[in-house]
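Geometric and topological summary
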Amino acid sequence: MRISLIFICLLIASVSKAQFKITTPVKWSYKAVKSANNEAVLFLKGTIEDGWHIYAQDGGIKSLQTSFAFSNAKNYALIGRTTAPKSLTKYEKVLKANVSYYEKSVIFQQKIKINAAQVKVKGKLEFTVCNATECRPAEEVEFSIPIT
Amino acid sequence: MKRQNFKEILLFLICFNCFGFASAQELLKGSLTLKSDLNLASQKPWKLVVKRSDLGGYSGNSDTILVKGIALKYKTELKEPCYLSVDFYWKDRKFTTYSFWAMPATYEIGFTNNLMPMITDSVISQVTVGIEHLIAQHIKYAKEAERVVGDVNYENQKIADVETKIWKIRDSFENLIDSNIYLSAVNKNPNSVIGLYALLKFAERPYGKARTINEPKKIDSLLNTLDPTIKALPSARKLFSTINLEAELKVGNAMKDIALPNAVGKIYKISDFRGKYLLVDFWASWCTPCRAEHPNLIKIFNKYSNSGFQIIGITRDQPLRKVDWLDAIKKDKIDIWLQLSDFNNTAQKVYNVEAIPVNYLVNPAGIIIGRNLRGEALEKELKKNFKK
């Protein structure tokens with residue numbers, strides 16, 4: 001009886017996402033990949049529900065931009081700025097400006113230099129998400145990404 | 001000999017309790033431990049991500065653990081039961097995941113041949129069983145609804161009629177889900193987290209017309225039927241503060257008064273406008289859907305402002321972006337009505353402003369007569385009141 005309930009739970013998780021309310025239509029996940037020369041790349045992925053979109057780091061309206069802030073630490077250093085894939089662009093006639101945005105999913109990358117054996121990169125990201133009828137206020141998400 | 005027997009009996013009793021059933025009053029807060037003997041998997045995972053959502057379904061924390069060794073252990077403190085996802089990452093295949101309702105207890109995780117995680121040992125929790133049962137029931141009704149909808153006859157019917165029929169079917173099933181599953185579970189489980197879970201679901205439904213907004217008194221009275229220990233849980237407290245806020249903001253209540261500055265710092269109060277019909281509109285320069293409403297608001301303002309209708313725009317723009325705010329007012333030509341800023345987030349707190357646009361229509365006596373009226377709906381409500 002319990003096993004079948006568990007399988008039903010799995011079915012629910014994949015079939016009816018809408019049943020579980022989430023405060024924001026954007027889910028974030030993180031990964032770090034080490035490369036040569038004591039460097040690593042951080043991947044910060046946003047998965048966006050249908051109909052919603054988040055905005056590029058440098059597209060048009062400042063208040064809408066997705067931004068990243070990494071905490072100062074001695075055991076790692078940022079190399080360059082956070083990069084992102086090419087965004088979609090459209091002219092918002094209501095705002096009389098071009099906006100650059102992402103739908104469905106987007107992976108931001110940040111190169112870092114590692115100065116110690118055990119490194120955990122902490123920081124926070126901020127984003128605004130909108131759909132056709134409403135905008136949700138800018139949200140701050142804290143992250144902590146360990147590096148092997 | 002006697003002493004050895006006694007030791008064996010004691011050991012047996014201890015072991016029996018380790019793998020027994022949870023008692024009627026389960027621990028609702030405390031440590032959650034996930035354990036896994038990784039020798040049992042055909043490969044070793046290199047990373048585990050544990051994600052938690054609370055009883056109301058609000059996503060919360062995410063913890064990443066880099067796997068070292070063969071005995072995996074994760075421990076965290078829970079203030080109430082939660083919904084847990086464990087994602088295992090493997091070197092040469094896609095990550096596998098498993099989700100379940102977790103109590104503050106210990107869970108042993110094993111793997112199928114396909115490296116799918118599963119719970120191999122835990123205390124059987126009445127709370128978990130109860131919540132899973134409600135979920136299964138919901139799915140059953142939802143599937144039945146779709147089956148009935150699928151049977152609707154399209155032949156020789158007007159599309160509008162068929163769509164009306166389908167909406168009626170969907171609505172009636174939603175009502176059944178609400179009464180037979182959730183409301184019923186609240187009534188039957190006032191002393192259990194199951195009752196709280198059901199109430200949280202009941203309160204957020206129906207979709208688009210949440211009861212927290214439209215029937216806060218009903219939710220409040222249901223919340224009060226729950227046991228004090230359940231009412232003290234974080235999710236219950238969150239529901240309580242939401243409905244209190246929403247109850248105060250509903251149609252029929254007095255609009256709460258606040259004072260905010262305009263662009264040059266002059267302070268205005270909502271109550272300054274008693275005697276007029278007032279639309280309090282929350283927007284921001286960066287909010288496309290908000291600004292898309294402005295042409296319509298201008299039309300309505302021009303039509304009714306001489307008859308005693310006013311609009312107050314309150315922006316959610318942040319202080320550093322004051323220029324964008326002023327620019328938007330100019331561009332959209334909405335300087336014809338009062339524009340106030342909320343740089344200290346006073347209005348945001350008082351009116352629980354989350355998503356925008358959101359607006360309140362207030363009558364001359366200061367009572368809220370409409371909420372989130374846009375486009376035609378706003379025009380209709382004003383026409384009604386100005387006819388008198």
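The preceding data block contains the structure.
To start, this report covers the structure provided alongside it. Remember, it's a predicted structure, so these values are computed and weren't measured experimentally.

Quick look at the overall build of chain B now. Of the regular secondary structure elements, chain B holds 13 helices and 15 strands. Residue pairs at least 24 apart in sequence account for 67% of intrachain contacts in chain B once pairs closer than 6 positions are excluded.

Here we take up the overall build of chain A. Secondary structure assignment for chain A yields 1 helix and 10 strands. For chain A, the N- to C-terminal ordering of α and β elements is α-β-β-β-β-β-β-β-β-β-β. For chain A, buried positions account for 26% of its 148 residues.

Further remarks concern the environment of leucine 249 of chain B. All names here are of chain B. Assignment of secondary structure puts leucine 249 in the loop between α8 (234–248) and β9 (259–261). Classification of leucine 249 by C-beta neighbours within 10 Å gives buried; the count is 20. Separated by 122 residues in the primary sequence, leucine 249 and arginine 371 have C-alpha atoms spaced 8.8 Å apart. Residues in contact with leucine 249, not counting those within four places in the same chain, are Tyr351, Asn352 and Ile368.

Residue and element names in this part refer to chain B. Where helix α10 (residues 294–304) meets helix α13 (residues 375–387), the closest approach of the two axes is 10 Å, and the angle between their N-to-C directions is 10 degrees. With respect to α13, the element α10 is oriented roughly parallel. Together, Asn296, Ile300 and Tyr304 of α10 and Gly375, Leu378, Glu379, Leu382 and Phe386 of α13 make up the contact between the two elements. Across the contact of α10 with α13, the residue classes break down as 5 nonpolar, 2 polar and 1 charged.

Note the cis peptide between arginine 205 of chain B and proline 206 of chain B, where omega equals -10 degrees. Within the secondary structure layout, proline 206 of chain B lies in the loop between α4 (193–204) and α5 (211–214). Looking along the chain, the bond that leaves isoleucine 356 of chain B and enters proline 357 of chain B is cis, with omega of 5 degrees. Among the secondary structure elements, proline 357 of chain B is positioned in the loop between α12 (346–350) and β14 (358–362). Even without being glycine, lysine 96 of chain A reaches a positive phi, approximately 50 degrees. Structurally, lysine 96 of chain A is set in the loop between β6 (88–92) and β7 (97–102).

Residues and elements named next belong to chain B. Sheet architecture is open: 5 strands sit in the order β13-β12-β11-β14-β15, paired in mixed fashion. If you trace the sheet from one side to the other, it starts and ends with β13 (338–341) and β15 (368–371), each paired once. For this sheet, the mean inter-axis angle between neighbouring strands, taken without regard to orientation, is 20 degrees. In terms of strand pairing, strand β11 (residues 277–283) meets β14 through 5 bridges, oriented antiparallel. Bridge pairing in β14 places leucine 278 opposite valine 362.

All names here are of chain B. Pairing analysis gives 7 bridges linking strand β2 (residues 47–53) to strand β5 (residues 82–89), with the strands arranged antiparallel. Bridge pairing in β5 links arginine 52 to leucine 84. Looking at chain direction, β5 and strand β6 (residues 96–102) are connected through 7 bridges and run antiparallel. Bridge pairing in β6 places valine 86 opposite tyrosine 98. Turn length for the β5-β6 hairpin, with the two strands adjacent in sequence and antiparallel, is 6 residues.

What counts, and where the lines are drawn
- Residues numbered from 1 in each chain as written.
- Chains lettered and ligands numbered in written order.
- Predicted model: local features only at pLDDT ≥ 70, side-chain atom pairs only at ≥ 80, totals over all residues.
- Helix = DSSP H or I, 4+ residues; strand = E, 2+ residues; numbered from the N terminus.
- Contact = placed C-beta atoms within 7 Å.
- Buried ≥ 20, exposed ≤ 12 C-beta atoms within 10 Å, placed from the backbone.
- Axes fitted to C-alpha atoms, helices over the stretch in contact; angles between N-to-C directions.
- Parallel < 35°, antiparallel > 145°, perpendicular 65-115°, else oblique.
- Nonpolar A, V, L, I, M, F, W, Y, C, P; charged D, E, K, R; others polar.
- Pairing = 2+ DSSP bridges.

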